[in-house]
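Chain by chain, the residues:
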Amino acid sequence: MTTPESARTLAEDLLARASDDWVTAAEVIDLARRSGLEDPEDLRDLSVGLIARLVVTGLLIPGEYDGSVHRPWECSTAQAIARIAEDWSARTDPFVMPGEIVWLDTTPEGQRLGDAVLRRESE
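Every chain is numbered independently, its residues counted from 1 as its sequence is written. Local features in this predicted model are restricted to residues of pLDDT 70 or higher, and side-chain atom pairs are both shown and tallied only at a pLDDT of 80 or more, whereas totals for entire chains, interfaces and linings draw on every residue. Neither water nor hydrogens contribute to the side-chain values; these are computed over all heavy atoms in the structure.

## Digging into helix α2 (residues 25–32)
For step 1, the next point in the chain: Counting buried positions over the eight residues of α2 gives six, a clear majority of the element.
For step 2, the next point in the chain: All of the buried residues along α2 are A25, A26, V28, I29, L31 and A32.
For step 3, the next point in the chain: Here, two residues are considered to be in contact whenever any of their heavy atoms come within 4.5 Å of each other. Put simply, DSSP marks the helices as runs of H or I at least four residues long and the strands as runs of E at least two long, and each gets a number from the N terminus on. Contacts from the buried residues of α2 go to α1 (10–20), β1 (23–24), α3 (40–56), α4 (77–89) and β4 (103–106). Exposure classes here rest on a 1.4 Å probe applied to the protein chains alone. A residue is buried below 20% of its type maximum, exposed above 50%, and partly exposed in between.

What follows is the structure, given as C-alpha cells:
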C-alpha cells in the first residue's frame, strides 16, 4: 500500500513534518529508515547529511526547544552542523530520544515547501 509519506523524498518528508511542528533528531533518524538502510551508524550519517543539506540551503533552522518556543542556536551554519555531527557521533548509540541533539524549525522558504508537499497530497 502506498501512503503519501512513502511517495515523498526524505527531504520532502522532513520539510512536511517540520512545517507542521518542530522536528527532533529522533524523528529524522526514524524517517531515514525509509531509505532501506539498517545499520544504526549509516542511519545516523544519513540523518546528519539530510539535516546539513537542509540547513545549508536555508530551509531548516537548528536550535533548542525551551518548553514554549524554538530558540535558534547563536552560531554560524557551519558551527551548527559541526555541533550536530559531533554530538551525535560522540554517542555510543546512534538512536536518540526526542529532544536530544537538536530541534529543527523551518525557515519561511522551508515552510512554503513543506506546506506545498502537504497541499499536493491533499488534492
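Moving on from the coordinates now.
## Here's the deal with the packing of α2 against α3
Each pair of packed helices can be summarised by the angle the axes make with each other and by the distance between the axes.
For step 1, the next point in the chain: Contact pair α2 / α3: the axes reach a minimum separation of 9 Å and the direction vectors enclose 115 degrees. By the angle between their directions, the pair α2 and α3 is classed as roughly perpendicular. Here α2 and α3 pass one another in a crossing that is right-handed. In contact with V28, I29, L31 and A32 of α2, α3 contributes P40, L43, R44, L46, S47, L50 and I51.
For step 2, the next point in the chain: Residue classes follow a fixed rule: Ala, Val, Leu, Ile, Met, Phe, Trp, Tyr, Cys and Pro count as nonpolar, while Asp, Glu, Lys and Arg count as charged, and any other residue, Gly among them, counts as polar. Looking at side-chain class alone, the contact of α2 with α3 contains nine nonpolar, one polar and one charged residues. In this description, a line fitted to the C-alpha atoms serves as the axis of each element, helices being fitted only across the stretch in contact, and the angle between N-to-C directions of two axes falls anywhere from 0 to 180 degrees. Here the angle decides the label: under 35 degrees means roughly parallel, over 145 means roughly antiparallel, 65 to 115 means roughly perpendicular, and every other value means oblique. Less than a right angle of anticlockwise turn of the near helix away from the far helix marks a crossing as left-handed, whereas a clockwise turn marks it as right-handed.

## Let's talk about the packing of aromatic side chains
For step 1, the next point in the chain: Here a pair means two rings of Phe, Tyr or Trp (six-membered ring of Trp) with centres within 6.5 Å. Their orientation is stacked below 30 degrees between planes, edge-to-face above 60, and tilted elsewhere. The tally for this structure, following the rule as stated, stands at two aromatic pairs.
For step 2, the next point in the chain: On the numbers, 5.2 Å between centres and 45 degrees between planes, the contact of W22 with Y65 is tilted. Here W22 is found in the loop between α1 and β1, whereas its partner Y65 is found in strand β2 (residues 60–65), with 43 residues between them in sequence.
For step 3, the next point in the chain: With relative accessibility at 24%, the residue W22 sits in the partly exposed group.
For step 4, the next point in the chain: The exposure class assigned to Y65 is partly exposed, which follows from its relative accessible area of 34%.
For step 5, the next point in the chain: Seen from their ring centres, Y65 and W103 are 5.0 Å apart, and the 45 degrees between their planes marks the pair as tilted. Linking Y65 in strand β2 with W103 in strand β4, this pair joins segments that are 38 residues apart in sequence.
For step 6, the next point in the chain: Take W103: its relative accessible area is 18%, and that puts it in the buried class.
For step 7, the next point in the chain: Members of the aromatic cluster, connected to one another through ring pairs, are W22, Y65 and W103.
For step 8, the next point in the chain: Here, a charge over a ring means that NZ of Lys or CZ of Arg falls within 6 Å of the ring centre while also lying within 35 degrees of the ring normal. Taking the ring centre of W73 as reference, the NZ or CZ of R83 above it sits at 3.7 Å.

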